[in-house]
Amino acid sequence: MSNEVKEGEDFIVIDGIRKVYRKDEVETVAIDRIDLTVKKGELVSIIGPSGCGKTTILRMIAGLLEPTEGSIIIAGKECKEPGPDRGMVFQDFALFPWRSVRRNVEFGLEVAGVPKEERHQKADEYIELVGLGEFKNARIHELSGGMKQRVGIARALINNPDVILMDEPFGALDAQTRNIMQAQLVKILDKTGTTIIFITHSVDEALFLSDRVVVLSPRPSKIKEIINLDWPRPRDRSAPEFTALRKRILDELEKLNVMR
């Protein structure tokens, strides 16, 4: 993992990526030449019509899919396979139900051969960071959905990745818990300065969290618009500029869905 790139400098460079699926001599273009630069410490959300390829882009950044064309550079290194420089947080939590909270969070350190006492200490630090200190010995089945997602975030953060990739992480939560988790993520971002790429269907969520919002077109996916948000966090969802921008983006997405 690289410490050479400073906060605010170009960190992830996505250069002309395309993803084409071929079956029985039929080609389906999912992603069509996307260029995007993400700065270190940014939270960039990607939104767009259903099926437009948001998760496909995230999987290519994760190294789980290879672009048909183009390249993805993270901290000066081309991304061609999964690696510890990228942490993933999924909608379905992907936790080990037979392990305690602490043992879930420290799993990556355990695989890396970190001594037991050291990984316990570090796991406890990150469990405190996500507000679960009193639950470190609890089993996963004893936790609420929001608490499980906090465990997932702590597990991603503990390995000190260059970037965290979040695929609809709060999509399965109820509205109230989702808002709480968004506020928690803002606090974590302020404390850690972690670079995050965040996939969501929620315009409200994207505007509440992001430094920039990338709006994708229907498949074959291209960047329709990039919206810069220089409002300080935490943000007021009832502020006139927030509600006006939310309406404009929702109207645009409705038009894009009609175009599909």
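Going by the structure above, here's the rest.
Residues numbered from 1 in each chain as written. Predicted model: local features only at pLDDT ≥ 70, side-chain atom pairs only at ≥ 80, totals over all residues. Heavy atoms only, no water.

(A) Summary view of the overall build of the chain. A count of helices and strands for the chain gives eight helices and 10 strands. The C-alpha atoms of the chain give 19 Å as radius of gyration, which agrees with the globular expectation for 260 residues (18 Å, within 12%). Referenced to the eigenvectors of the C-alpha coordinate spread, the extents of the chain come out at roughly 55 × 45 × 40 Å. Sequence separation of 24 or more characterises 68% of the internal contacts of the chain that already satisfy a separation of 6 or more. If you sum the accessible surface of the chain, you get close to 12900 Å²; carbon and sulfur atoms cover 48% of it. Charge separation in the chain, taken as the distance between the mean sites of 39 positive and 41 negative side-chain charges, equals 3 Å. (Helix = DSSP H or I, 4+ residues; strand = E, 2+ residues; numbered from the N terminus. Rg over C-alpha atoms; globule rule 2.2 N^0.38 Å. Contact = heavy atoms within 4.5 Å. Areas by Shrake-Rupley, 256 points an atom, 1.4 Å probe, with all protein chains shown as cover. Lys, Arg positive; Asp, Glu negative; His and termini not counted. Charge placed at Lys NZ, Arg CZ, Asp CG, Glu CD.)

(B) Layout of helix α5 (residues 145-157). Here α5 is 13 residues long and its end C-alpha atoms lie 19 Å apart, about the 18 Å a rise of 1.5 Å per residue gives. Within α5, 11 of the 13 residues are buried, leaving the element largely enclosed by the surrounding structure. Restricting attention to buried positions, one finds in α5 the residues Gly146, Met147, Gln149, Arg150, Val151, Gly152, Ile153, Ala154, Arg155, Ala156 and Leu157. (Expected span 1.5 Å × (residues − 1). Buried < 20%, exposed > 50% of the residue type's maximum accessible area, 1.4 Å probe, protein only.)

(C) Molecular detail of the pairing of strand β3 (residues 43-47). Most of β3 sits inside the fold, with five of its five residues counted as buried. Pairing between β3 and strand β8 (residues 195-199): four bridges, direction parallel. Within β8, the position partnered with Ile46 by the bridge is Ile199. Relative to strand β9 (residues 212-216), β3 is paired through four bridges, and the arrangement is parallel. Bridging across to β9, Ile47 finds its partner in Val215. (Pairing = 2+ DSSP bridges.)

(D) Just the sheet that holds strand β4 (residues 69-74), in detail. Strand order in the open sheet formed by four strands is β2-β1-β4-β5, and the pairing between neighbours is antiparallel. Of all strands in the sheet, those bounded by a partner on one side alone are β2 (26-39) and β5 (77-78). Pairing of strand β1 (residues 10-23) with β4, which is carried by five bridges, proceeds in the antiparallel orientation. The residue bridging Ile12 from the neighbouring strand is Ile74, located in β4.

(E) Geometry of the pattern of salt bridges. Enumeration over the complete set of coordinates arrives at 20 salt bridges. Two residues, Lys247 and Asp251, come together in a salt bridge whose shortest N-O distance is 2.9 Å. A residue pair is termed a helical-turn pair when its members lie 3 or 4 positions apart in one helix, as Lys247 and Asp251 do in helix α8 (residues 240-259) at four residues. (Salt bridge = Lys/Arg side-chain N within 4 Å of Asp/Glu carboxyl O.)

(F) Just the side chain of Arg155, in detail. Turning to its location among the elements, Arg155 is positioned in helix α5. Excluding residues within four positions of it along the chain, Arg155 makes contact with Phe93, Ala94, Leu95, Phe96, Asn104 and Val105.

(G) View of the sheet that holds β3. The sheet built from six strands is open, its strands ordered β6-β7-β8-β3-β9-β10 with mixed pairing. Two strands close off the open sheet at either side, each with one partner strand: β6 (86-89) and β10 (223-228). Geometrically, the sheet is characterised by an average inter-axis angle of 15° between neighbouring strands, direction not taken into account. Pairing geometry for strand β7 (residues 163-167) and β8, over five bridges, is parallel. Residue pairing across strands places Ile164 opposite Ile196, the latter belonging to β8. Sitting on the sheet, helix α1 (residues 54-62) is in contact with β3, β6, β7, β8 and β9, with an inclination near 150° to β7. (Axes fitted to C-alpha atoms, helices over the stretch in contact; angles between N-to-C directions.)

(H) A look at the packing of aromatic side chains. This structure, assessed with the given rule, holds four aromatic pairs. An angle of 40° between the planes, with centres 6.1 Å apart, marks the rings of Trp231 and Phe242 as tilted. Placement of Trp231 in the loop between β10 and α8 and of Phe242 in helix α8 is noted, with a sequence separation of 11 residues between them. Judged by relative accessible area, Trp231 falls into the partly exposed class, the value being 23%. Aromatic rings pair up to connect Phe96, Trp98 and Phe107 into one cluster. Here the basic side chain of Lys40 rests over the ring of Phe11, its NZ or CZ set 4.6 Å away from the ring centre. A cation sits over an aromatic face here: Arg237 above Phe208, 3.9 Å from the ring centre. (Phe/Tyr/Trp six-rings, centres within 6.5 Å; stacked < 30°, edge-to-face > 60°. Lys NZ or Arg CZ within 6 Å of the ring centre and 35° of its normal.)

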